[in-house]
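Descriptive analysis of the structure
Spelled out, the chains give:
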Amino acid sequence: MASSAVALEDVPSVDMMTELLRRFKCSSKPDKRLVLIGPPGSGKGTQSPVIKDEYCLCHLATGDMLRSAVAAKTPLGIKAKEAMDKAMKKPSCEKGFILDGFPRTVVQAEKLDEMLEKQGTKIDKVLNFAIDDSILEERITGRWIHPASGRSYHTKFAPPKVHGFDDVTGEPLIQRKDDTAQVLKSRLEAFHKQTEPVIDYYAKKGVLAQLHAEKPPKEVTVEVQKVLSS
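Residues numbered from 1 in each chain as written. Predicted model: local features only at pLDDT ≥ 70, side-chain atom pairs only at ≥ 80, totals over all residues. Heavy atoms only, no water.

The name an unreviewed UniProt entry gives the chain is Adenylate kinase 4, with Citrus sinensis as the organism.

Pasting the structure below:
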């Protein structure tokens, strides 16, 4: 059977050096297993790549695979749990992982703890991106995009030169259907109802850290670094 391994001489020296430097940097980093909690627009998506790169963690998908993994042991649940176990054993997850938007219920949090306990690990820190709903409404309902290029604007924070039109092409901007006050309200209601008990669960375990997510991204990054270095 032919080997799928790549000969060292075929790896560009720049790529090899980059990987060696990454491994050297990561070798001194402590292991971390993190959960990120926050409503839409709270900045989790901005901070997650920063945390991932800084602490050499992997970002695990939190879709159906993980929700199924903590469900009753149906064949689908077992399959999903195997997929999650496999993901956690990848080299990129050697230093730990980030779970973004999961667990969403206390039952899921309990099942996740059980799963990690069997692996001899646990959740080290839960970052709660706390922010007032009124600030989120301003952030989200002010977003406008140029569909063809994906360029985004904000009526308050990053307005176009001409209201309602793209700076480069002059074409009309549109607002996503999900970026309306009505849709946001229903999403926030669901988030608070489901997630507040999860926040309480982790607070009682002593692993919850409250972030001031209304601050500018760079200031939130500084907060995150303080929390994770303590």
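Having seen it, we continue.
Our next topic: the side chain of Q47. Looking at the element boundaries, Q47 is found in helix α2 (residues 44-55). Ignoring sequence-local partners within four residues, the contact set of Q47 consists of F129, P217, V220, T221 and V224. (Helix = DSSP H or I, 4+ residues; strand = E, 2+ residues; numbered from the N terminus. Contact = heavy atoms within 4.5 Å.)

Buried within helix α6 (residues 133-141) we find L136, R139 and I140. Within α6, the buried residues cover an arc of 85° as seen down the axis, which keeps them to one side. The inward-facing, buried residues of α6 contact β5 (143-145), β6 (152-154) and α7 (181-205). (Buried < 20%, exposed > 50% of the residue type's maximum accessible area, 1.4 Å probe, protein only. Arc of directions from axis to C-beta.)

Following the criterion strictly, the structure yields one disulfide and no others. The residue that forms a disulfide with C58 is C93, at a sulfur-sulfur distance of 2.0 Å. Around the S-S axis, the bridge from C58 to C93 shows a dihedral of about 105° and counts as right-handed. Taken together, the residues C58 in strand β2 (residues 58-60) and C93 in the loop between α4 (75-88) and β3 (96-100) connect sequence positions 35 residues apart. (Disulfide = S-S within 2.5 Å.)

A separate point is the sheet that holds strand β4 (residues 125-130). What the five strands build is an open sheet, ordered β2-β3-β1-β4-β7; its pairing is parallel. Every other strand in the sheet has two partners, leaving β2 and β7 (208-212) as the edge strands with one partner each. Averaged over all neighbouring strand pairs, the angle between strand axes comes to 25°, with direction disregarded. The pairing of β2 with β3 spans three bridges and is classified as parallel. Across the sheet, H59 pairs through a bridge with I98, a residue of β3. (Pairing = 2+ DSSP bridges. Axes fitted to C-alpha atoms, helices over the stretch in contact; angles between N-to-C directions.)

Time to look at unusual backbone geometry. We note that C56 has phi near 60°; this positive angle belongs to a residue other than glycine. Inspection of the secondary structure puts C56 in the loop between α2 and β2.

Here we take up the environment of E94. In this fold, E94 is placed in the loop between α4 and β3. Taking the relative accessible area as the measure of exposure, E94 reaches 63% and is therefore exposed. In the structure, E94 is positioned 36 residues away from C58 in sequence and 8.2 Å away in space, judged by C-alpha atoms.

This part is about the nonpolar core. Counting residues in hydrophobic clusters, the biggest one holds 21 residues, and the most contacted among them are I37, L60, F97, I123 and Y202. Listed by contribution, the elements that provide at least two residues to this core are β1 (32-37), β2, α4, β3, α5 (106-118) and α7. A total of five residues in this core trace back to one element, the largest contributor, which is α7. In this structure L60 touches A87, M88, C93, F97, I98 and L99, once residues within four positions along its chain are discounted. Y55, I98, A213 and V227 belong to the second-largest nonpolar core, a separate cluster that totals 20 residues. (Core = buried A, V, L, I, M, F, W, Y, C linked by side-chain atoms within 4.5 Å.)

Before going further, it helps to examine the pattern of salt bridges. All told, the structure shown has ten salt bridges when counted by the stated rule. Across the pair K122 and D124 runs a salt bridge whose closest N-O atoms are separated by 3.6 Å. Classification of K122 as exposed rests on a relative accessible area of 53%. You can call D124 partly exposed: its relative accessible area is 27%. Taken together, the salt bridges that share partners define one network made up of R33, K122 and D124. (Salt bridge = Lys/Arg side-chain N within 4 Å of Asp/Glu carboxyl O.)

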